[in-house]
Amino acid sequence: MQLIDGWVEGAQRVPSPNFNQRPAGEAIDLLVIHNISLPPEQFGGNYIECFFQNKLAAEDHPYFATICDLKVSSHFLIKRDGSLLQFVSCGDRAWHAGASEFCGRRDCNDFSLGIELEGSDHTPYENEQYLQLVALTRVLQKHFPKIIQERIVGHCHIAPDRKTDPGESFDWTRYFSALNGE
């Protein structure tokens with residue numbers, strides 16, 4: 001796996017219109033891990049892809065009516081089976097972090113990459129997801145060397161008053177141990 005012109009080779013491209021340019025001279029030095037499931041606590045299907053492409057049908061589920069007008073995206077999604085999708089080039093600013101702050105810097109979208117895991121706060125993630133997350137993180141760290149372990153965080157760390165993901169079910173020790181080859 002490698003990064004070519006902002007796109008990860010081997011990832012399924014599912015372009016989202018929800019992105020813009022990063023501020024001039026802004027270095028990518030933060031990786032944010034999220035979770036998402038649509039409908040909530042349900043897995044499978046293509047609702048996440050539809051959501052990030054502004055194609056989510058409000059009539060498909062009562063919850064969708066409350067979110068279908070939101071304009072959000074992420075750079076990546078790792079599905080339950082470990083498949084990798086990319087919505088926004090790493091060179092562009094995806095809209096994943098919202099109101100956020102890390103080490104005194106606001107607007108984390110300006111200097112971060114976002115990875116969504118198909119999951120929820122209370123459902124264990126799949127082995128395939130951890131394997132893919134580690135492989136993807138290594139590729140991103142190779143191209144963005146300022147993303148060191150201390151700069152890999154959950155959405156809960158940069159927006160603690162409003163976000164809990166990736167949740168208590170995410171095994172940070174397992175992830176970092178695998179990332180470090182342990």
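Residues numbered from 1 in each chain as written. Predicted model: local features only at pLDDT ≥ 70, side-chain atom pairs only at ≥ 80, totals over all residues. Heavy atoms only, no water.

*Asks:* Honestly, the overall build of the protein in this entry has me stumped. Any pointers?
*Replies:* Counting secondary structure elements, the protein contains five helices and twelve strands. A globule of 182 residues ought to have a C-alpha radius of gyration of about 16 Å, and the protein, at 15 Å, matches this closely. With the C-alpha coordinates of the protein rotated into their principal frame, the extents come out at 45 × 35 × 35 Å. A buried classification covers 53% of the 182 residues belonging to the protein. Relative to all contacts within the protein whose residues are 6 or more apart in sequence, the contacts with residues 24 or more apart total 71%. The averaged location of the 25 negative side-chain charges in the protein is 6 Å from the averaged location of its 16 positive side-chain charges. (Helix = DSSP H or I, 4+ residues; strand = E, 2+ residues; numbered from the N terminus. Rg over C-alpha atoms; globule rule 2.2 N^0.38 Å. Buried < 20%, exposed > 50% of the residue type's maximum accessible area, 1.4 Å probe, protein only. Contact = heavy atoms within 4.5 Å. Lys, Arg positive; Asp, Glu negative; His and termini not counted. Charge placed at Lys NZ, Arg CZ, Asp CG, Glu CD.)

*Asks:* Hey, could you run me through the sheet that holds strand E3 (residues 12-13) in this one?
*Replies:* Spatial strand order, E3-E7-E6-E11-E5-E12: six strands in an open sheet with mixed pairing. On the outer flanks of this sheet lie E3 and strand E12 (152-154), each paired with one strand and no other. Where strand E6 (residues 76-78) and strand E7 (residues 84-86) come together, three bridges link them in antiparallel fashion. Note that in E7 the partner of Ile 78 across the bridge is Leu 84. Helix H3 (residues 127-143) rests against strand E5 (30-36), E6, E7, strand E11 (112-118) and E12 of the sheet, and its axis sits at about 170 degrees to E11. Strands in contact with helix H5 (residues 172-179) are E5 and E12; relative to E12, the strand with the most contacts, it is inclined by about 160 degrees. (Pairing = 2+ DSSP bridges. Axes fitted to C-alpha atoms, helices over the stretch in contact; angles between N-to-C directions.)

*Asks:* Explanation requested: the packing of aromatic side chains in the structure shown.
*Replies:* How two aromatic rings sit relative to each other is set out by the distance from centre to centre and by the angle between their planes. By the definition in use, this model includes eleven aromatic pairs. Ring geometry for Phe 52 and Phe 87: centres 4.9 Å apart, planes at 85 degrees, overall edge-to-face. Of this pair, Phe 52 sits in helix H1 (residues 47-52) while Phe 87 sits in the loop between E7 and strand E8 (92-94); the two residues are 35 residues apart in sequence, bridging distant segments of the chain. Under the relative-accessibility criterion, Phe 52 is labelled buried at 1%. Taking the centre distance of 4.7 Å and the plane angle of 80 degrees together, the rings of Phe 170 and Trp 172 count as edge-to-face. Summarising the burial analysis for this pair, Phe 170 and Trp 172 share the class buried. An aromatic cluster is defined as three or more aromatic residues linked by ring pairs; in this entry it consists of Tyr 125, Tyr 130, Phe 170, Trp 172, Tyr 175 and Phe 176. The cationic tip of Arg 80 hangs over the ring face of Phe 43; the distance from NZ or CZ to the ring centre is 4.3 Å. The ring of Phe 111 has Arg 105 sitting right over it, with the charged end atom 3.7 Å from the ring centre. (Phe/Tyr/Trp six-rings, centres within 6.5 Å; stacked < 30°, edge-to-face > 60°. Lys NZ or Arg CZ within 6 Å of the ring centre and 35° of its normal.)

*Asks:* Which parts of the structure should I look at to understand the pattern of salt bridges?
*Replies:* Where charged atoms of side chains with opposite charge meet at close range, the side chains can pair. Following the criterion strictly, the structure yields six salt bridges and no others. Residues Glu 26 and Arg 105 are paired through a salt bridge, measuring 2.5 Å at the closest nitrogen-oxygen approach. Taken together, the residues Glu 26 in the loop between strand E4 (19-21) and E5 and Arg 105 in strand E10 (residues 105-106) connect sequence positions 79 residues apart. Note that Lys 79 is salt-bridged to Glu 49, the shortest N-O span being 3.1 Å. You can see Lys 79 sitting in the loop between E6 and E7 and its partner Glu 49 sitting in helix H1, a full 30 residues away along the chain. Here Lys 79 falls in the buried class, since its relative accessible area comes to 12%. In the salt-bridge network here, residues are joined through shared partners; they are Glu 26, Asp 29, Arg 105 and Arg 151. (Salt bridge = Lys/Arg side-chain N within 4 Å of Asp/Glu carboxyl O.)

*Asks:* Looking at this structure, how should I read the pairing of E5?
*Replies:* Taken residue by residue, a regular strand's side chains alternate between the two faces of the sheet. Among the seven residues of E5, seven are classified as buried, and the element is accordingly described as predominantly covered. A two-sided burial pattern is seen for E5, the buried positions comprising Leu 30, Val 32, His 34 and Ile 36 on one face and Leu 31, Ile 33 and Asn 35 on the other. Bridging between E5 and E11 involves seven bridges; their strand directions are parallel. Counterpart to Leu 30 in the pairing with E11 is Ser 112. Across three bridges, E5 lies against E12 in parallel orientation. When the sheet's bridge partners are listed, Ile 33 is paired in E12 with Gly 154.

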